[in-house]
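Observations on the model geometry
One letter stands for each residue in the lines below.
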Amino acid sequence: MSAVVSSIRNPLVTGNKSYHDITEDLCAPTEKAPGLQWVIGFILAITLFSFGAFCIIWTIWMGIGSWNLNRTINWGWDITNFVWWIGIGHAGTLISAILLLFRQKWRTGVNRAAEAMTIFAVMCAGLFPLIHMGRLWLAFFIFPYPNTRGPLWVNFNSPLLWDVFAISTYFTVSLLFWYTGLVPDFATVRDRASGVRKKIYNTLSFGWTGSAKHWQRWEYLSLVLAGIATPLVLSVHTIVSFDFATSVIPGWHTTIFPPYFVAGAIFSGFAMVLTLMLVARKVLNLKDYITVEHIESMNKIILLTGSIVGVAYLTELFVAWYSVYPYEQFAFFNRALGPYYWSYWGMMICNVITPQLFWSKKMRTSVFWTFFLSIIINVGMWFERFVIIATTLARDYIPSSWSYYVPTWVEIGIFIGTIGLFFVLFLIFTRVAPVVAIAEIKSILKSSGDQYVGKDAKHHSHPQPASAYDDSNGFLQYWDGNDSSHDSITILKSVSGEATSVVAEPTVLKASLKDDLKKVEGIGPKIEGLLNAAGINTFVDLANASVESIQGILNAAGSRYSTHNPGTWGRQAQMAADGKWDELKAWQDILDGGKE
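Residues numbered from 1 in each chain as written. Predicted model: local features only at pLDDT ≥ 70, side-chain atom pairs only at ≥ 80, totals over all residues. Heavy atoms only, no water.

1. Side note on helix α1 (residues 19-31)
With 13 residues, α1 extends 18 Å from end C-alpha to end C-alpha; this agrees with the ideal 18 Å at 1.5 Å per step. The set of residues buried in α1 consists of Ile-22, Thr-23, Leu-26, Cys-27, Ala-28, Pro-29 and Thr-30. Elements that come into contact with the buried residues of α1 comprise α6 (159-192), α7 (195-204), α15 (409-432) and α16 (438-448). (Helix = DSSP H or I, 4+ residues; strand = E, 2+ residues; numbered from the N terminus. Expected span 1.5 Å × (residues − 1). Buried < 20%, exposed > 50% of the residue type's maximum accessible area, 1.4 Å probe, protein only. Contact = heavy atoms within 4.5 Å.)

2. Examining the layout of surface pockets
Its boundaries defined by the atoms lining it, the second largest pocket holds a volume of some 870 Å³. Taken together, 32 residues form the lining of the second largest pocket, with Pro-129, Met-133, Ile-142, Leu-160 and Val-164 sitting closest to its centre. The set of elements that each furnish at least two residues to the lining of the second largest pocket consists of α3 (77-88), α5 (111-132) and α6. Of all the elements, α6 adds the most residues to the lining of the second largest pocket, at 7 residues. Partitioning the lining of the second largest pocket into residue classes produces 23 nonpolar, 6 polar and 3 charged. (1 Å grid on protein atoms, 1.4 Å probe; cavity = no way out; pocket = protein on both sides within 12 Å on 5 of 7 lines; lining within 4 Å. Points joined across faces, edges and corners; volume = space filled by probe spheres on them. Nonpolar A, V, L, I, M, F, W, Y, C, P; charged D, E, K, R; others polar.)

3. A few points about the pattern of salt bridges
Here the structure, examined in full by the defined rule, presents 12 salt bridges. For the salt bridge of Lys-17 with Asp-288, the shortest nitrogen-to-oxygen distance reads 3.2 Å. Of this pair, Lys-17 sits in the segment before α1 while Asp-288 sits in the loop between α9 (257-283) and α10 (292-323), placing them 271 residues apart in sequence. The buried category is assigned to Lys-17, whose relative accessible area is 13%. Overall, Asp-288 belongs to the partly exposed group, its relative accessible area being 24%. We note a salt bridge from Arg-192 to Glu-31, for which the minimum N-O separation is 2.8 Å. One end of the pair, Arg-192, is in helix α6; the other, Glu-31, is in helix α1, with 161 residues separating them in the sequence. Several salt bridges share partner residues, and in doing so they unite Lys-17, Asp-25 and Asp-288 into one network. (Salt bridge = Lys/Arg side-chain N within 4 Å of Asp/Glu carboxyl O.)

4. Notes on the environment of Leu-531
Along the chain, Leu-531 turns up in helix α17 (residues 525-533). On a C-alpha basis, the gap between Leu-531 and Ile-550 in space is 7.9 Å, while along the polypeptide they are 19 residues apart.

5. Side note on the packing of α3 against α15
Relative to each other, α3 and α15 sit at 20°, their axes nearing to 10 Å. The pairing of α3 with α15 is recorded here as roughly parallel in orientation. Here α3 runs over α15; the crossing is right-handed. In this structure, α3 contributes Trp-77, Asn-81, Trp-84 and Trp-85 to the contact, and α15 contributes Glu-411, Ile-412, Phe-415, Thr-418, Ile-419 and Phe-422. (Axes fitted to C-alpha atoms, helices over the stretch in contact; angles between N-to-C directions. Parallel < 35°, antiparallel > 145°, perpendicular 65-115°, else oblique. Left-handed = near helix turned anticlockwise from the far one by under 90°.)

6. Section: the nonpolar core
Residues Trp-85, Phe-244 and Phe-270 are the most contacted members of the largest nonpolar core, which totals 122 residues. Listed in part, the 19 residues of the second largest apolar core include Ile-523, Leu-531, Ala-543 and Ile-550. (Core = buried A, V, L, I, M, F, W, Y, C linked by side-chain atoms within 4.5 Å.)

7. A closer look at the confidence of the model for the protein
With 88% of its residues at a pLDDT of 70 or more, the protein shows a mean pLDDT of 81. Throughout residues 461-512 the model reports pLDDT below 50, and contacts reaching past four residues in sequence, or to other chains, amount to 85 contacts. (pLDDT = per-residue confidence, 0-100.)

8. Brief notes about a nonpolar patch on the surface
Together, Phe-333, Leu-337, Tyr-341, Trp-342, Trp-345, Ile-349, Ile-353, Tyr-404 and Val-406 give the surface a local cluster of nonpolar side chains, amounting to about 950 Å² of exposed area. At the level of secondary structure, the elements contributing two or more residues to the nonpolar patch comprise α11 (326-337) and α12 (341-353). Broken down by element, the nonpolar patch gets its largest block of residues, 5 residues, from α12. Structurally, Trp-342 is set in helix α12. (Patch = residues over 30% accessible without salt bridge, like charges linked within 9 Å, V, L, I, M, F, W, Y side chains within 5 Å. Areas by Shrake-Rupley, 256 points an atom, 1.4 Å probe, with all protein chains shown as cover.)

What follows is the structure, encoded as structure tokens:
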């Protein structure tokens, strides 16, 4: 059953869109030549990536000595950037999995880009541990497998090895989740394409036809992946935090790190999603699909997770004071008032103070301030990782070994290169696939489009008496008559197949709603369009049509459609018209693509 949506809820799709409009708008960036803004951004991203690639080659050729690491500070910008990128990649799984399980409709406008961002961020993060090994060509040593090196095995007790398993699993599940969502949209692009491009998208869509069986399996797979991915949201950054928490170094050896790291990862990830989506919203003209309602919902999560991070900072200070452990107290004193004070106070201002501005609705719904603060938050989260790593290692137990770390141009260049790589991949993604999920936006149009909800709504969730309004678009049209055989309560079928009771006068209410013929297995969006064009708009129309006439419609549309067998469509439609949904579902489980 479809959920009841309040008429005063703000819409998630604006611009009075039809299903056709959604397809046209979201497929356009993949079909048209890139604009000037995209070209400039891509050239800049390629330039940054090229410089980063040069710095990586320099590091491999010259050795890790080209970095400014030393015996005191053996983790510097490399691990700082690794943890930062992993954190940024956290929001994609949260939006994809957890919000899907909770049926949050506002995820549909941002989930596709967030999932892509996750994959690209994890790819950038994975570069740093590999380069940090020094001998990149021996990276296979980190995997446990039978070997000829005697008793040389990886240390299964090390959280660094746990990182390998956690991040590789996270990447794999995120990739599957992302690609599963893309399959229906690849099919949509395929049906609009021609030539080689059509063949490429046909391969990418795995032969998707839009049948009821395909949609059913797609839903099942999405839920299964969501169930698998949900624990990863908590586990991945928890394991990353163990890189520090399992040590005995003051400032690291604390049990608050796992929840603190997870909240911080979601915090920074949502900020980066906003940064990217606000740019895409402008460049790709997606204002009707990434609305102020989406922006405000994400800002609320940033406010929540930012507050959690702020509490974690204060808890660390309290525990250090309460412990009366001088080394722990000095670690935090050194962060706040030592040589790296600027990074600590930058972290506190960016991560604790600035998110509190989102208590104001005016700030939460401002595109400019959201974009500006999302960048500030990501800068602050980078400071946090730098504070945890550099300031803690710079001054240890022996003052004679104290040091001050400043990155070399090579370290800075590699970080800049990963930013370039990230944006190169994201910009290519915007040209290859719809940035916003077409199928999922269509699924919420009737419940979250501005013509159905909000102050400018033209239609209503429940049918009204004929005299209440007249809809020229044919959503709900009623005719008056004098048929005494009808009671004052008329039962009408909605698009979802749900029975709705409508109190009527003796006047007969007849709905000419277009039923969702795709509920009949074997009928996809294209065939539904052919049937609608032939005057078959409802389940009753389809049930009354002969198999020969439907086959004639398919034959007239060409060889692509003539191969379909409509033999069971009439009986399926009759079951739908009679409201026998359980029987219809049971029969469709037996059918194969609508065929007996």
